[in-house]
Each structure stands twice: as structure tokens, then as C-alpha cells.
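Descriptive structure summary
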Amino acid sequence: IDCGYETCPQYLKYLEENYVILKKDNKYLLYNYRTSNTISDKYQNYEFINNNYLIVTNSNNKKGIINLKDKIIVNTIYDEIGYKEEDYLSGYNFKNIIVKKDEE
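Let us now look at the side chain of Ser 40. Relative to the elements of secondary structure, Ser 40 occurs in strand E4 (residues 37–40). Polar side-chain contacts of Ser 40 include one of 3.4 Å to the backbone nitrogen of Lys 42. Excluding residues within four positions of it along the chain, Ser 40 makes contact with Tyr 28, Leu 29, Leu 30, Tyr 46, Ile 66 and Asp 70.

Below, the structure is given as C-alpha cells:
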């Protein structure tokens, strides 16, 4: 990242392939370092489901799904999307994904 005269964002986490999470001015950025593009700066956390879709978490700790063009696929209204088995996300296939909302 060429920050010029500004303070560079803080590196937080490598995600997959060309993507990292950066923090700048209390915003969390999903950043493609190969193309030097910010994909999204609206969420607190990002986690890849596959090469096209990510689970995102907003400031209220609610989860949703976006694609790599920052288009909302599932609104951020769920307490959980999928479930973790060790370090792997489970509970989804090509058409469905398990979600949990308000202890339901």
C-alpha cells in the first residue's frame, strides 16, 4: 500500500490468496493487495466461505454474507452462519447454509 503522507493501515490478518484484513481509522478493510483495491470497509470481520463469498460480522456482532464485489447476499441479522469444526467452516453446501438467529 502506498500511503503517501498518511499513516498506513494496520495489518491484522491474512485471509486467502490475495486478501488481508487491515485496520485504518477504526474501520476494518477487506483489501486485495494484488490489485490494491479495498473490497469492503463496512464490517468488523471477514471470513471466506469459498472463492466468491464471505461471512461478515458487523459492529453489533451480527453476521451476513457478501460477495467479492461487496454485494450483500445475506443481510447481517444472524447470530451464527455455518459452524466451526476446528479451523474449518461446516454447515453449508452449494445451495444452503445453516444460520442461527436469536437462539432459534
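Now, onward.
Moving on, we come to the sheet that holds strand E3 (residues 27–32). What the four strands build is an open sheet, ordered E1-E2-E3-E4; its pairing is antiparallel. The open sheet is flanked by strand E1 (10–16) and E4, the only strands paired with a single partner. With direction set aside, neighbouring strand axes in the sheet form an average angle of 35 degrees. Alignment of E3 against E4, held across three bridges, turns out to be antiparallel. The residue of E4 that forms the bridge with Leu 30 is Ser 40.

In this structure, E1 lies alongside strand E2 (residues 19–24), joined through five bridges in antiparallel fashion. Paired with Tyr 11 across the strands is Leu 22, a residue of E2. The hairpin turn running from E1 into E2, its antiparallel successor, is two residues long, and Glu 17 in that turn takes a positive phi close to 45 degrees.

Definitions and limits used
- Residues numbered from 1 in each chain as written.
- Predicted model: local features only at pLDDT ≥ 70, side-chain atom pairs only at ≥ 80, totals over all residues.
- Heavy atoms only, no water.
- Helix = DSSP H or I, 4+ residues; strand = E, 2+ residues; numbered from the N terminus.
- Polar contact = N/O pair within 3.5 Å; in protein donor to acceptor, adjacent residues only side chain to side chain.
- Contact = heavy atoms within 4.5 Å.
- Pairing = 2+ DSSP bridges.
- Axes fitted to C-alpha atoms, helices over the stretch in contact; angles between N-to-C directions.

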